[in-house]
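One-letter residues, chain by chain:
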Amino acid sequence: MSQCSGNEKIKHNIKKNGTPSKITKRRRCLSSPEEASKITKKLSSDMMDIDDTVMDKLSELLDSKLSIHFQVLKNIECKLENVMEVNKQLTKEVAELKEQNKEVKRNVEFLMRRSKAKNIIFRGFSEIKEGENMTKLIQEMCKKSFGIENVLIDRVYTIGPDRTSILVEMIKTSDVQHILKNGKNLKNTGIWVHRDLILKDRIRRKKLLEMKRRILEIDKEARVLVRNDYFLYQNKRFSWEEGSGFTAANEEDMVLINGYLTPEKRNEEQKNVK
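Residues numbered from 1 in each chain as written. Predicted model: local features only at pLDDT ≥ 70, side-chain atom pairs only at ≥ 80, totals over all residues. Heavy atoms only, no water.

Caption draft 1: Examining the layout of surface pockets more closely. Volume-wise, the largest pocket comes out at about 990 Å³. What lines the largest pocket is a set of 23 residues, among which Val193, His194, Arg205, Leu209 and Val226 lie closest to the centre. Secondary-structure elements contributing two or more residues to the lining of the largest pocket are helix H4 (173–181), strand E4 (192–195), helix H5 (199–218) and strand E5 (224–226). The leading source of residues in the lining of the largest pocket is H5, at 6 residues. Within the lining of the largest pocket, the residues separate by chemical class into 9 nonpolar, 4 polar and 10 charged. Mapped onto the domain boundaries, the lining of the largest pocket takes at least three residues apiece from domain 2 (118–196) and domain 3 (200–259). (1 Å grid on protein atoms, 1.4 Å probe; cavity = no way out; pocket = protein on both sides within 12 Å on 5 of 7 lines; lining within 4 Å. Points joined across faces, edges and corners; volume = space filled by probe spheres on them. Helix = DSSP H or I, 4+ residues; strand = E, 2+ residues; numbered from the N terminus. Nonpolar A, V, L, I, M, F, W, Y, C, P; charged D, E, K, R; others polar. Domains from an automatic or database assignment.)

Caption draft 2: Inspection of the nonpolar core at higher detail. Within the largest apolar cluster, 21 residues are counted, with the highest numbers of intra-cluster contacts made by Phe122, Ile138, Val168 and Ile179. Counting residues per element, the ones that place at least two in this core are strand E1 (119–123), helix H3 (134–146), strand E2 (153–159), strand E3 (165–170) and H4. It is H3 that provides the largest number of residues to this core, a total of 5 residues. Those residues within four positions of valine 168 in sequence are excluded, and the remaining contacts are Lys118, Asn119, Ile120, Phe122, Ile138, Ile153, Arg155 and Val156. Leu208, Phe231, Tyr260 and Leu261 belong to the second-largest nonpolar core, a separate cluster that totals 16 residues. (Core = buried A, V, L, I, M, F, W, Y, C linked by side-chain atoms within 4.5 Å. Buried < 20%, exposed > 50% of the residue type's maximum accessible area, 1.4 Å probe, protein only. Contact = heavy atoms within 4.5 Å.)

Caption draft 3: Spatial organisation of the pairing of strand E8 (residues 245–248). Looking at chain direction, strand E7 (residues 236–241) and E8 are connected through 4 bridges and run antiparallel. Paired with glutamate 241 across the two strands is glycine 245, which belongs to E8. Taken together, E7 and the strand that follows it, E8, pair antiparallel across an intervening segment of 3 residues, in which glycine 243 is found at a positive phi of about 95°. (Pairing = 2+ DSSP bridges.)

Here's what the structure looks like:
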């Protein structure tokens, strides 16, 4: 069949062109399958060598980059450790400074209290006129109300804008104690007397007196004794400090005064039980 087909094609070409066409033969491959296989293998080997070389180069480049980044990170870590150490030292120094500041404040308060130890304040006068002899006024009051003849006074001057209060710097501590102990002798005169306190102590005393007033408004028969930095109620001791408010020895004691606090204040004070 294939031979007939070939002859027919020749005849067709002769008929069409008048001459037989040249028949091209298929060129035979110069290499055998074995040689082709070898070439393929060699090419594969060369490609693998190229791949290995490229990978080696990439690996070297990557190692170089990683080494640089590692060194940078190490430097950052060293600097961070230094910063943390400095911060730790600064924190320690700040804590020491705060403690020193507290100590300085305590010392200043102690000195201020000491300087005011012989001072007392009389309040409730009618407006004191300019040039009025206040020393004579206080001496007469001390003689009449406290039985002190010729009380020794260092200085005396008005305080406050309304000129109704007089600060007296006494010479003898015993006179100060006697007057404060017998302050009730001024009852019904409209005048009262108290110590000359530093600001911190004045705020504390104001809070203690406010609590005493609240208790007496509700329980007129209650006995509340206010001292310099605390008050006694039902034989329990209560104090007040700025930042912590009212405190007591325990939670049960705080219950006694919780009823005299506003709801907001009650929640605040309940957090401050010692």
